[in-house]
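Results of the structural survey
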Amino acid sequence: MNDEIYVLKIGGSVVTEKGKEKTARREVIKRITKEIALALSARKNLILIHGAGSYGHPQAKIYQKTGKVKDALVTHESVKELNRLIVLSMMELELKAVPIHPLSGVVSKEGKIKYKIKEQLQLALKAGIIPVLHGDTILDKKGVFHILSGDQLVTYAAREFKAKKVGIGTDVDGVLSDTGEVIKKVTPVETDTISIKGSKYVDVTGGMKKKVYLLKKLASENSIPSVLFNALKESNVYKFLTEDKDLFGTVIL
Ligand SMILES: Nc1ncnc2c1ncn2[C@@H]1O[C@H](COP(=O)(O)OP(=O)(O)OP(=O)(O)O)[C@@H](O)[C@H]1O
Ligand SMILES: [Mg+2]
């Protein structure tokens, strides 16, 4: 196995309409999976993660309010539906993709996350299969559920597999300044002065603010840089996977 691992997250803001409950953007899913298929001859070792979008955030918000097990399970089943759409779209293009549902392999001990999926990921990669993970509700030692974001899975996978490249696709061109311009480069010093908000939609995992925090940590603690780009724009996923220098976005290092 070539040990150059790419970690790519396609945000829920891309594959779903975050403002409309359980609304997938099927055409976008098709285009992105095509771009992955096209790039794959050049890039074999990919861990794909997708966000929950409107298949997870509104449902998880209900769970946060009620604390009912049923509502956490509804969230999980709902995100799995989105995962299935993506995996099936990949399979239609002859891509080998395997769903890995965090609920079945990640646990939380009062908020501390224990990932027990490394071997599955390793074996899938070794067999030339793309593991497809997603934000999910996971069991917690306390008997309640914990909400695990796709962004957390990105930093886990990147750290664990010493990713060569980490890409985060969302519905914006990058990290934006107060005046709406894309900040080309984010370093630990700079971010403190940028006012980053969460998300304009329901987002139970901290939106852009938490995303940048996690990626900054990945860069400073593990020396793994990442690039945040707009995955709603055609070819950007392909550009990320083929290391095209024209990819426009924010580099976090
Ligand atoms: N300074 C900022 N720069 C860029 N985006 C910002 C900023 N502040 C807030 N945002 C919001 O962050 C959103 C992207 O984060 P969000 O968590 O909604 O998407 P996502 O992570 O792709 O979705 P999911 O969590 O479902 O995977 C953008 O749509 C934007 O509205
Ligand atoms: Mg988010």
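In this text the structure is predicted, and so the values were computed from the model without any measurement.

Digging into the packing of helix α3 (residues 57–66) against helix α4 (residues 69–92)
The N-to-C vectors of α3 and α4 enclose an angle of 170 degrees; their axes lie 8 Å apart at closest approach. One way to sum up the angle between α3 and α4 is to call them roughly antiparallel. Residues Gln-59, Ala-60, Ile-62, Tyr-63 and Thr-66 of α3 form the contact with α4, whose participating residues are Asp-71, Ala-72, Thr-75 and Ser-78. Residues of the contact of α3 with α4, tallied by class, amount to four nonpolar, four polar and one charged.

Re the nonpolar core
One finds Val-7, Ile-47, Ile-49, Leu-133 and Val-166 to be the most contacted residues of the largest nonpolar core, which totals 33 residues. Secondary-structure elements contributing two or more residues to this core are β2 (46–50), α5 (118–126), α6 (150–160), β9 (165–170) and α8 (207–222). Considering each element in turn, this core owes the most residues, five residues, to α6. Ignoring sequence-local partners within four residues, the contact set of Val-166 consists of Val-7, Val-154, Ala-158, Leu-218, Ile-224, Pro-225, Ser-226, Val-227 and Phe-240. Among the nonpolar cores identified, the runner-up in size contains 30 residues, and Ile-36, Val-87, Met-90 and Val-227 belong to it.

Describing the pairing of β9
For β9, the tally of buried residues reaches five of six residues, placing the bulk of the element in the interior. Alignment of strand β1 (residues 6–10) against β9, held across five bridges, turns out to be parallel. Considered in β9, the bridge of Leu-8 is made with Gly-167. Both β9 and strand β11 (residues 226–230) contribute to a ladder of five bridges, which runs parallel.

Section: the pattern of salt bridges
Per the stated rule, a full pass over the model turns up 11 salt bridges. One salt bridge connects Lys-80 with Glu-77, and the closest N-O pair in it is separated by 3.4 Å. Of this pair, Lys-80 and Glu-77 both sit in helix α4, three residues apart, which is roughly one turn of that helix. For Lys-80, a relative accessible area of 25% translates into the label partly exposed. Among the ionic pairs, Glu-160 bridges to Lys-118, the shortest N-O distance being 3.1 Å. Pair noted here: Glu-160 is in helix α6 and Lys-118 is in helix α5, with a separation of 42 residues, a long-range link.

With respect to α8
Over its 16 residues, α8 runs 22 Å from end to end, which matches the ideal 22 Å to within 8%, given 1.5 Å per residue. Looking at α8, one finds that the buried residues are Gly-207, Met-208, Lys-211, Val-212, Leu-214, Leu-215, Lys-216, Leu-218 and Ala-219. Of the residues flanking the end of α8, it is Ser-223, one or two places downstream, whose phi is positive at about 55 degrees.

Brief notes about a positive patch on the surface
A grouping of Lys-109, Lys-112, Lys-114, Lys-116, Lys-141, Arg-159 and Lys-217 is seen on the molecular surface, where their side chains present a positively charged patch. Examined against the element boundaries, Lys-112 turns out to sit in strand β5 (residues 112–115). Since its relative accessible area comes to 56%, Lys-112 is described here as exposed.

Re the packing of aromatic side chains
Applying the stated criterion to the full structure yields four aromatic pairs. A ring pair is formed by Tyr-63 and Phe-145, whose centres lie 6.1 Å apart and whose planes are at 85 degrees; its orientation type is edge-to-face. A residue pair is termed long-range when its members are at least 10 positions apart, and Tyr-63 in helix α3 and Phe-145 in strand β8 (residues 145–148) qualify at 82 residues. By the burial criterion, Tyr-63 is buried, and Phe-145 matches it. Here Tyr-115 and Tyr-156 contribute two aromatic rings whose centre-to-centre distance is 3.9 Å and whose plane-to-plane angle is 10 degrees, an arrangement assigned as stacked. Taken together, the residues Tyr-115 in strand β5 and Tyr-156 in helix α6 connect sequence positions 41 residues apart. Exposure remark for Tyr-156: the relative accessible area of 2% places this residue in the buried category. Aromatic rings pair up to connect Tyr-6, Phe-229 and Phe-240 into one cluster.

Reading the values: rules and limits
Residues numbered from 1 in each chain as written. Chains lettered and ligands numbered in written order. Predicted model: local features only at pLDDT ≥ 70, side-chain atom pairs only at ≥ 80, totals over all residues. Heavy atoms only, no water. Axes fitted to C-alpha atoms, helices over the stretch in contact; angles between N-to-C directions. Helix = DSSP H or I, 4+ residues; strand = E, 2+ residues; numbered from the N terminus. Parallel < 35°, antiparallel > 145°, perpendicular 65-115°, else oblique. Contact = heavy atoms within 4.5 Å. Nonpolar A, V, L, I, M, F, W, Y, C, P; charged D, E, K, R; others polar. Core = buried A, V, L, I, M, F, W, Y, C linked by side-chain atoms within 4.5 Å. Buried < 20%, exposed > 50% of the residue type's maximum accessible area, 1.4 Å probe, protein only. Pairing = 2+ DSSP bridges. Salt bridge = Lys/Arg side-chain N within 4 Å of Asp/Glu carboxyl O. Expected span 1.5 Å × (residues − 1). Patch = residues over 30% accessible without salt bridge, like charges linked within 9 Å, V, L, I, M, F, W, Y side chains within 5 Å. Areas by Shrake-Rupley, 256 points an atom, 1.4 Å probe, with all protein chains shown as cover. Lys, Arg positive; Asp, Glu negative; His and termini not counted. Charge placed at Lys NZ, Arg CZ, Asp CG, Glu CD. Phe/Tyr/Trp six-rings, centres within 6.5 Å; stacked < 30°, edge-to-face > 60°.

Any functional reading would require information beyond the geometric quantities listed.
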